[in-house]
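Tertiary structure, described
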Amino acid sequence: MSSSFNRNTTGAEVVKTFSSQIADKHILITGPSPNSIGSETALSLAAAQPPPATLALLGRNEVKIAPVIERIKAINPSINTKFILCDLASQASIRKAAKEIINDGEIPQIDILINNAGVMALPTYQTTSENIEMQFGCNAIGHFLLTASLLPKILKAAEANGEARVVNVSSTGYELGGVRWEDWNFNEGKEYQEWLAYAQSKTGNVLLTAALAERFRRSGVVSFALQPGLVLESNLSGHVSPESWKTAMKTAFDSTGGRVTEMEKPKTLQEGCSTTLTAAFDPSISAQSGGFLQDCQLRPVKEEFASGKENADRFWALAERLVQEKFDF
């Protein structure tokens, strides 16, 4: 890991450093809408020299993502850039997208899967098509189903190159609370609290990372979770009111037993995508598969509810239950 990387490192700097790792790779990114960490990740990769072979952008609105694809093609028209319809709030949509990718001859393998999409601190209780609380259903369970469904092509890349990566964009917000193993829907919304729901989903990302690292270590699939940083110019937090931010601070205060938590200093979009890109391409961290990154550096996961094989296995089992499908490889 580059010791010079820090919270001010840009995505462009990471891409330049690891250009040889990016060359000719087939890369999938969820949540690449304009003015997001996902789109900034994709645009940074488009400028790589040599370029990646494929940038597949998964989202629920092609019209919305079209300007990002146009910008990528303007940067480097040689990259196979495509949109794939995928609504993480619908397991049917996820399965359809995964089938499309598996059957796409232009994507022979998946070298890098970046599970970037997410919703944050929804002010009112909402559910997915399968009646799962929206944040947990999209951020954690939706990405579990997508990743598990794409494993044949991920494993193919690992076999061909010795390694493939799954990057889960999480948040230090996971520290606010774990998975409610028997009540992920907050008593069907009656006990809903937006930041505890967000924390549950982000803990799910951390545990999915640990589960993938453990289950596929010998197959060459490595996985990392990360905190991109507070990026106020992204579209993720645009709906979060000042009152909700105050609730977040109180939730942090309560969850830490009264320790005062200060808001993180905001980052730019370029600074926000740099940790994602480090997690995806830094060759020096392969042996730490299952780890968590912040400011482009590995850091420990201290909370017991977000670590350990038992919790990782428990998340995998719950996710299989919620998607009603077993994944044995």
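Reference entry: report on the structure contained in this document.

Cut-off values and rules
- Residues numbered from 1 in each chain as written.
- Predicted model: local features only at pLDDT ≥ 70, side-chain atom pairs only at ≥ 80, totals over all residues.
- Heavy atoms only, no water.
- Pairing = 2+ DSSP bridges.
- Helix = DSSP H or I, 4+ residues; strand = E, 2+ residues; numbered from the N terminus.
- Axes fitted to C-alpha atoms, helices over the stretch in contact; angles between N-to-C directions.
- Contact = heavy atoms within 4.5 Å.
- Core = buried A, V, L, I, M, F, W, Y, C linked by side-chain atoms within 4.5 Å.
- Buried < 20%, exposed > 50% of the residue type's maximum accessible area, 1.4 Å probe, protein only.
- Right-handed = clockwise from strand over helix to strand, strands pointing away.
- Disulfide = S-S within 2.5 Å.
- Expected span 1.5 Å × (residues − 1).
- Phe/Tyr/Trp six-rings, centres within 6.5 Å; stacked < 30°, edge-to-face > 60°.

The strand order across the open sheet formed by eight strands is β3-β2-β1-β4-β5-β6-β7-β8, and the pairing between neighbours is mixed. The sheet is open, and its two edges are formed by β3 (80-85) and β8 (297-299), each paired on a single side. Each strand of the sheet is rotated relative to its neighbour by a mean of 25°, with strand direction disregarded. Relative to strand β7 (residues 292-294), strand β6 (residues 221-227) is paired through three bridges, and the arrangement is parallel. Pairing of L226 across the sheet is with L293, part of β7. The sheet contacts of helix α4 (residues 62-75) involve β2 (54-59) and β3, and relative to β3 the element is tilted by about 170°. Running over the sheet, helix α7 (residues 194-216) touches β5 (164-169), β6 and β7 and is turned about 160° from β6.

Leave glycine aside and you will find that most residues have negative phi; peptide bonds, for their part, are mostly trans. That bond from Q49 to P50 is cis: its omega, 0°, falls within 30 degrees of zero. Phi at N35 is positive, roughly 60°, even though this residue is not glycine.

Among the nonpolar cores identified, the biggest contains 54 residues, and L28, F136, L150, I154 and F315 are the most heavily contacted of them. Mapped onto this core, the elements with two or more residues apiece are β2, α5 (91-102), α6 (134-161), β5, α7 and α10 (309-323). When near neighbours in sequence (up to four residues on either side) are disregarded, I154 contacts I110, L113, T147, A164, V166 and V221. The next biggest cluster of nonpolar side chains, apart from the first, holds 38 residues, and it includes I29, A48, I112 and A280.

Counting buried residues along β2, six of its six residues qualify, which places the element largely inside the surrounding structure. What you see with β2 is no split at all: T54, A56 and L58 on one side and L55, L57 and G59 on the other are buried throughout. The sheet contact formed by strand β1 (residues 26-30) and β2 spans five bridges and is parallel. Among the inter-strand pairings, H26 is bridged to a residue of β2, identified as T54. Handedness of the crossover joining β1 and β2 through helix α3 (residues 37-46): right-handed. When β2 meets β3, the two strands line up parallel, connected through six bridges.

The next point concerns the environment of Q126. Relative to the elements of secondary structure, Q126 occurs in the loop between β4 (112-115) and α6. Classification of Q126 as partly exposed rests on a relative accessible area of 33%. Residues Q126 and G137 lie 11 residues apart in sequence; the distance between their C-alpha atoms is 9.9 Å. Excluding its chain neighbours within four sequence positions, the residues that come into contact with Q126 are I132, E133 and M134.

A complete count under the given rule lists zero disulfides for this structure. C86 forms no disulfide, and the closest cysteine sulfur to it belongs to C138, at a distance of 9.7 Å. C296 takes part in no disulfide bond, and the closest cysteine sulfur to it belongs to C273, at a distance of 8.9 Å.

In this section: α10. The terminal C-alpha atoms of α10, which comprises 15 residues, lie 21 Å apart, in line with the 21 Å expected from a rise of 1.5 Å per residue. For α10, the set of buried residues is N311, A312, F315, W316, L318, A319, E320, L322 and V323. Tucked inside the fold, the buried residues of α10 contact α5, α6 and α7.

On inspection of all chains with the given rule, the structure shows nine aromatic pairs. Ring centres of F136 and F315 lie 6.5 Å apart, and the angle between their planes is 75°; on these two criteria the pair is classed as edge-to-face. Pair noted here: F136 is in helix α6 and F315 is in helix α10, with a separation of 179 residues, a long-range link. Take F315: its relative accessible area is 0%, and that puts it in the buried class. With a centroid separation of 5.8 Å and an interplanar angle of 80°, the aromatic rings of F144 and F327 are classed as edge-to-face. Placement of F144 in helix α6 and of F327 in the segment after α10 is noted, with a sequence separation of 183 residues between them. One exposure class covers both F144 and F327, and it is buried. Through a chain of ring-to-ring contacts, three or more aromatic side chains come together here, namely F136, F144, F315, W316 and F327.

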